[in-house]
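Geometric and topological summary
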Amino acid sequence: MTCLKVLVIFGGVSPEHDVSRVSAASVLSNIDRERFEVKVLGITREGRWLLTGATPESISSGQWEKEDNLPVLFSPARDETGGFYIAGERYLPDVVFPVLHGENGEDGRLQGLLTLAGIPFVGCGCASGAVCMDKAFTKQVCAWAGIAMADWVLALRSEISGDIDGVIARVEEKFAYPVFVKPANTGSSVGVSKASDRAGLAQALVLAAKYDSRILVEEFIDGRELEIAVLGNEAPVASGIGEILPSRDFYSYEAKYIDGTSGLVFDPVLPDGKEDELRAAAVKIFRLLDCRGLSRVDFFLRKRDNAVIFNEINTLPGFTGISMYPKLFGRRGIAYGDLVTKIIDLALECGVR
């Protein structure tokens, strides 16, 4: 049997570079080598594209950049000149698996290049990736569809640098403390802060503005943090439910990836009917935003009334050993390696976008 050629891409220039490396190492350790002929393209923090034969361990640690890698060029032409060029030799994979998180990875930009070249790829298309990556756009689309979410105020980096007092006044007019401050286009809680007073809000706005030109300030939802994995194309299915028990004040980047002390509860006890409501909402949002392949949809279950509140969607969720997405489907009997195969099959089913 001829093996399908799969190009795994990791790294990138986003703040989530390190998480991408660890996710890619997990994928490469579990991908079916009998079915897939795998090549690996690493993107450095500086934006260099390099073909690497590094081990998963070397990729995870970041040592891969010190090895003998080959520069890669890309042509988006949809003819015999299109594809990847490695030391001048053309390489055209059957499918690309972008194990990339954050800007320039899951926000539609790379997807646009692959679409121009007619190369199938794992995950959402250009428009879906862009809308889902931008929390403000996601909220606007979901508000149109009547989906319950935390209320928000949108601020611009130029406003924060030029009239931060005006931004703070706008927030305080609408919300009581605490509030959450988020860059519109980061994941893994990069640049996210919880502000409990005016001074904390000012610090949080300045921090978020380092990562994006558009910043969301959201009302605080006192609720349980619940996550659901969705898998599929035209007929997506939802996993069971995972609950986050943050070890810090909220589920920050450090709580997710550094200290490792946050708790994860699978299939938590919920009020009657809420599991079905949450799973149906996850599939509805996945379809509304035209997602393909995989996504993780995050919710709050508000404590005062058990209302289901949509938080955000991740179209290329973490695939590390501690990530919720593979763990949730693992609880449904889909082993990590089989999940990787299924996701690649879904990309081939979509074909060229």
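This text follows the structure it describes.
A short tour of the structure in this document, coming up. (Residues numbered from 1 in each chain as written. Predicted model: local features only at pLDDT ≥ 70, side-chain atom pairs only at ≥ 80, totals over all residues. Heavy atoms only, no water.)

**Observations concerning the pattern of salt bridges**
- Scanning the model with the defined rule gives 23 salt bridges in all.
- A salt bridge links R302 to D305; its shortest N-O distance comes to 2.8 Å.
- Here R302 falls in the buried class, since its relative accessible area comes to 18%.
- The structure contains a network of salt bridges with shared partners spanning D267, E275, R331 and R332. (Salt bridge = Lys/Arg side-chain N within 4 Å of Asp/Glu carboxyl O. Buried < 20%, exposed > 50% of the residue type's maximum accessible area, 1.4 Å probe, protein only.)

**Here's the deal with the pairing of strand β4 (residues 70–75)**
- As paired elements, strand β3 (residues 49–51) and β4 share two bridges and run antiparallel to each other. Among the inter-strand pairings, L51 is bridged to a residue of β4, identified as L70.
- Where β4 lies against strand β5 (residues 83–86), four bridges are found, and the strand directions are antiparallel. If you follow F74 over to β5, its bridge partner there is F84. (Pairing = 2+ DSSP bridges. Helix = DSSP H or I, 4+ residues; strand = E, 2+ residues; numbered from the N terminus.)

**Considerations on helix α11 (residues 336–350)**
- Taking 1.5 Å per residue, 15 residues should reach 21 Å; α11 reaches 21 Å between its end C-alpha atoms and fits that length.
- Residues of α11 that are buried: Y336, G337, L339, V340, T341, I343, I344, L346 and A347. (Expected span 1.5 Å × (residues − 1).)

**Some remarks on the sheet that holds strand β8 (residues 152–156)**
- In spatial order, the strands read β8-β11-β9-β10; together these four strands make up an open sheet with antiparallel pairing. Taken across any chain shown, the strands that pair with only one partner, and hence form the sheet edges, are β8 and β10 (193–195). Averaged over all pairs of adjacent strands, the angle between strand axes in this sheet comes to 25 degrees, irrespective of strand direction.
- Here helix α5 (residues 135–144) sits on the sheet and contacts β8, β9 (179–183) and β11 (214–219); the angle it forms with β11, its principal contact strand, is near 55 degrees.
- Against the sheet, helix α7 (residues 198–209) touches β9, β10 and β11, its axis set at about 15 degrees to β9. (Axes fitted to C-alpha atoms, helices over the stretch in contact; angles between N-to-C directions. Contact = heavy atoms within 4.5 Å.)

**Digging into the packing of aromatic side chains**
- Using the criterion set out here, one finds nine aromatic pairs in the structure.
- Taking the centre distance of 5.6 Å and the plane angle of 35 degrees together, the rings of F319 and Y325 count as tilted.
- Classification of F319 as buried rests on a relative accessible area of 2%.
- Within the aromatic cluster, the residues linked to one another by ring pairs are F319, Y325, F329 and Y336.
- Over the ring of Y91 we find K39; its NZ or CZ atom is 5.5 Å from the centre of that ring. (Phe/Tyr/Trp six-rings, centres within 6.5 Å; stacked < 30°, edge-to-face > 60°. Lys NZ or Arg CZ within 6 Å of the ring centre and 35° of its normal.)

**Points about the environment of A117**
- Positionally, A117 belongs in helix α3 (residues 109–117).
- A117 sits in the buried class, given a relative accessible area of 10%.
- A C-alpha to C-alpha distance of 5.1 Å links A117 and A77, two positions 40 residues apart in sequence.
- Dropping the residues within four chain positions of it, A117 is found in contact with F74, S75, P76, A77 and R78.

**Points about the environment of M149**
- Counting through the fold element by element, M149 comes out in the loop between α5 and β8.
- Sequence separation between M149 and H17 is 132 residues, and the spatial gap between their C-alpha atoms is 29 Å.

**A word on the side chain of S295**
- Secondary-structure assignment places S295 in strand β15 (residues 293–302).
- Leaving out residues up to four positions away in the same chain, S295 has contacts with C124, I228, A229, V230, F286, I313, N314, T315, P317 and Y325.

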